[in-house]
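Examination of the molecular architecture
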Amino acid sequence: MTVGVLALQGDFREHAQVLRTLGADVVLVRRPEELARVDGLVIPGGESSVMDKLARAFGLADPLRAAVREGLPVYGTCAGLIMLADTVVDGIRGQESIGGLDISVRRNAFGSQTQSFETDLDVPVLGEAPVHAVFIRAPVVDTVGPRATALARLADGRCVAVEQGRLLGTSFHPEITGEHRFHEYFLGTVSAARFLG
Amino acid sequence: MTETTSIEQFGSSRVKRGLADMMKGGVIMDVVTAAQARIAEDAGAVAVMALERVPADIRSQGGVARMSDPDLIDSIIAEVSIPVMAKARIGHFVEAQVLQALGVDYIDESEVLSPADYVNHIDKWKFDVPFVCGATNLGEALRRINEGAAMIRSKGEAGTGDVSEAMKHIRTIKGEITRLSSLSKDELYVAAKDLQAPYELVVEIAATGKLPVVLFVAGGVATPADAALMMQLGADGVFVGSGIFKSGNPQARANAIVKAVTFYDDPSVIASVSRGLGEAMVGINVSDLPAPHRLSERGW
């Protein structure tokens, strides 16, 4: 199974490494023809406004939207979650997203870098052991629409992981903590989608 | 769904180094006004460096260069939503305390400003805000990491528009890492001594073949091709100081350098973004700079 990692900017090599460890063939995606070859896509952490700008400048934004519409499994972390949100709050001037997740995401919801943190989260869908999650100038999901499902919340109730059909998004970065369960879970979705077409 | 009650940990190494990870494949731009910060964000900068004078002006105007006015830093933080970095003088831990209090996202303990301490650098472990530091070779990089730096940038020669020093420093750092990887375990003791670096860090780098933190390049990058050159040499990203706002068309040049960093291995993209940028910054050949004016020699 071939999984793409959007490689316009951000920590795409960390995602590629985790996916290879789990046995996937990895393609770095910067162009529409690379996107066309993949069975699933990861949108990494990074600066969402930069990814948006580059995706539009190099003709990748519309093919990404079409791929999501046609059922491509996509997992977004942090900036990737913002890219997958139907509504982005506090984006830069003119910022667009790919959309697909029926959620409203607030960009940089915790404040400056000194408010970045790590903590343990319960994510029931991944089993009993908590997920050690790193939040770096992270977004939160302000509103979970009726078509999306919250998978994890902070102690104060704010939603930080969501799923909707073949789309998965987290505010935090499993790719930099050695936590592989989200990627395994996502590869399960990719396999099922390949089988079902 | 059960809710967690676990403790949130701020200012950890993972959180500090993590922000640099998220900037990889990106361009960090020096800006001296909120209006320039706006141009940088619109162009696709991953962060801005808030300064009173770009290095080219520090160089031409001379005098002691210090931390920027807090009002200037506030105005830039208010203008943009991408991370804002600011510079403290080498060893000036009170400037760093002030910058942390202002809420900057990263502090650059920088040789571009006049050093405050000719012996010690700042103890960066004491801060929740992460630090980036310059290095000209592997030993210097490891000493900074040992002091708590969460990101390294090769120094180059700031404010010149001459990429040759940046080239020398990234090649030196990469070359020294490769050499460490080829040594046997008993040779690493002497290697650590020669590098004047902690043995544990030297062993780690010999095993992994890379720095434990992100490595950007700085100092002399002025064109899209310069930026792509640094990426092909293995940089994780680039700082562009005077190169953008001392050029004929900053908006176009900023846009072009962002694209060249993402498509650093595609000459057709680099060619296309290099068209119609107007004049590059005038620049100074590093070989014409007398030694006392070379900023890269500051830091120990």
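Residues numbered from 1 in each chain as written. Chains lettered and ligands numbered in written order. Predicted model: local features only at pLDDT ≥ 70, side-chain atom pairs only at ≥ 80, totals over all residues. Heavy atoms only, no water.

Labelled according to an unreviewed UniProt entry, chain A appears under the name Pyridoxal 5'-phosphate synthase subunit PdxT, originating from Cryobacterium breve. In the Sequence similarities (unreviewed entry) part of its UniProt record, chain A is described as follows: "Belongs to the glutaminase PdxT/SNO family." Per UniProt, the comment on chain A under Pathway (unreviewed entry) is "Cofactor biosynthesis; pyridoxal 5'-phosphate biosynthesis." (UniProt positions renumbered as here; feature names shortened; annotations may be inferred.)

Within chain A one finds six helices and 12 strands. Its C-alpha radius of gyration of 15 Å places chain A within 12% of the 16 Å reference for a compact globule of 197 residues. For chain A, buried positions account for 62% of its 197 residues. Taking as baseline every contact in chain A between residues at least 6 positions apart, the subset at least 24 positions apart corresponds to 64%. With the model as given, the accessible surface of chain A reaches about 6900 Å², and the carbon-plus-sulfur share is 47%. (Helix = DSSP H or I, 4+ residues; strand = E, 2+ residues; numbered from the N terminus. Rg over C-alpha atoms; globule rule 2.2 N^0.38 Å. Buried < 20%, exposed > 50% of the residue type's maximum accessible area, 1.4 Å probe, protein only. Contact = heavy atoms within 4.5 Å. Areas by Shrake-Rupley, 256 points an atom, 1.4 Å probe, with all protein chains shown as cover.)

All names here are of chain B. In contact at an axis separation of 9 Å, helix α2 (residues 34-43) and helix α12 (residues 250-262) are set at 35° when each is read in the N-to-C sense. By crossing handedness, the relation of α2 to α12 is classed as right-handed. Every residue of α12 that contacts α2 at Ile39, Asp42 and Ala43 is listed here: Gln251, Ala254, Asn255 and Val258. (Axes fitted to C-alpha atoms, helices over the stretch in contact; angles between N-to-C directions. Left-handed = near helix turned anticlockwise from the far one by under 90°.)

For the structure on display, the rule yields 13 aromatic pairs over all chains. Taken together, a centroid distance of 5.8 Å and an interplanar angle of 50° make the contact between Phe117 of chain A and Phe10 of chain B tilted. Of this pair, Phe117 of chain A sits in strand β7 (residues 117-121) while Phe10 of chain B sits in strand β1 (residues 9-10), which puts the two residues in different chains. Residue classification places Phe117 of chain A among the buried positions, given a relative accessible area of 1%. Exposure remark for Phe10 of chain B: the relative accessible area of 35% places this residue in the partly exposed category. (Phe/Tyr/Trp six-rings, centres within 6.5 Å; stacked < 30°, edge-to-face > 60°.)

Turning to the UniProt feature "binding site: L-glutamine" (unreviewed entry) in chain A, a few remarks are in order. In the UniProt entry, the feature "binding site: L-glutamine" (unreviewed entry) is given for Gly46, Glu47, Ser48, Arg107, Ile136 and Arg137 of chain A. The greatest C-alpha distance among the annotated residues, which extend across 92 residues, is 12.8 Å, indicating that they converge on a single site. When neighbours within four sequence positions are excluded, Glu47 of chain A is seen to be in contact with Gln9, Ala79 and Arg107 of chain A together with Met22, Ala45, Val46, Ile82 and Pro83 of chain B. Position of Ser48 of chain A relative to the elements: it lies in helix α3 (residues 48-57). In contact with Ser48 of chain A, other than residues within four places in its own chain, are Ala79, Ile82, Met83, Gln95 and Arg107 of chain A.

This part covers the environment of Gln100 of chain B. All names here are of chain B. Positionally, Gln100 belongs in helix α5 (residues 93-102). Accessibility expressed as a relative area gives 24% for Gln100, which makes it partly exposed. Sequence separation between Gln100 and Pro130 is 30 residues; the distance between their C-alpha atoms is 9.2 Å.

Once that is clear, we can look at helix α6 (residues 181-196) of chain A. Residue and element names in this part refer to chain A. Across its 16 residues, α6 extends 23 Å between first and last C-alpha, which sits within 8% of the 22 Å expected from 1.5 Å per residue. If you check which residues of α6 are buried, you get Phe182, His183, Phe186, Leu187, Thr189, Val190 and Ala193. End-on, the buried residues of α6 take up no more than an arc of 155°, which puts them together on one face. Within α6, the exposed residues directed more than 90 degrees away from the buried face are Phe195 and Leu196. Taken together, the buried residues of α6 touch β1 (2-6), α1 (12-21), β3 (40-43), β4 (74-77), β8 (131-135) and β12 (167-170). (Expected span 1.5 Å × (residues − 1). Arc of directions from axis to C-beta.)

Attention now goes to the interface of chain B and chain A. In this complex, chain B contributes 47 residues to the contact, which on the side of chain A involves 49 residues. For the pairing of chain B and chain A, the buried interface totals around 4000 Å² over both sides, and the portion due to carbon and sulfur atoms is 55%. Across the contact surface, chain B and chain A share 21 residue pairs in polar contact (both at pLDDT 80 or more). Of all the secondary-structure elements, those providing two or more residues to the side of chain B that touches chain A are β1, α1 (13-22), α2 and α12 of chain B. Broken down by element, the residue count for the side of chain B that touches chain A peaks at seven residues, all from α1 of chain B. (Buried area = accessible area lost by both parts, 1.4 Å probe. Polar contact = N/O pair within 3.5 Å; in protein donor to acceptor, adjacent residues only side chain to side chain.)

So, on to the side chain of Glu14 of chain A. Relative to the assigned elements, Glu14 of chain A resides in helix α1. Glu14 of chain A sits in the buried class, given a relative accessible area of 19%. Sequence-distant contacts of Glu14 of chain A, defined by excluding residues within four places in its chain, comprise Glu175 and Ile176 of chain A together with Asp21 and Lys24 of chain B.

With that out of the way, let us pick up the sheet that holds strand β3 (residues 47-50) of chain B. Residues and elements named next belong to chain B. If you walk around this closed barrel you meet the eight strands as β2-β3-β4-β5-β6-β7-β8-β9, and the pairing is parallel. Each strand of the sheet is rotated relative to its neighbour by a mean of 30°, with strand direction disregarded. Sheet topology note: the strand β4 (residues 84-89)/strand β5 (residues 106-110) ladder contains five bridges and is parallel. In the sheet register, Lys87 faces β5, and the bridge partner there is Asp108. Strand contacts of α5: β4, β5 and β6 (131-135), with the helix running at about 160° to β4, the strand carrying the most contacts. (Pairing = 2+ DSSP bridges.)

Moving on to the UniProt feature "active site" (unreviewed entry) in chain A. Residue and element names in this part refer to chain A. Taking the numbering used here, the UniProt-annotated feature "active site" (unreviewed entry) corresponds to Cys78, His173 and Glu175. The largest pairwise C-alpha distance within this set of annotated residues, which runs over 98 residues, is 10.9 Å, so the set is compact in three dimensions. Tracing the sequence through the fold places Cys78 in the loop between β4 and α5 (79-84). For Cys78, a relative accessible area of 4% translates into the label buried.

Turning our attention to the side chain of Gln164 of chain A. Residue and element names in this part refer to chain A. Tracing the backbone through its elements, the reader meets Gln164 in strand β11 (residues 159-164). Taking relative accessible area as the criterion, Gln164 reaches 14% and is therefore assigned buried. At 2.7 Å, the side chain of Gln164 forms a polar contact with the backbone nitrogen of Asp102. For Gln164, the contacting residues outside a window of four places in its chain are Gly100, Leu101, Asp102, Arg147 and Ala148.

Ordered by their spatial adjacency, three strands build an open sheet running β8(A)-β7(A)-β1(B), and the pairing between neighbours is antiparallel. Since the sheet does not close on itself, it has two edges, and those belong to β8 of chain A together with β1 of chain B, each with one partner.

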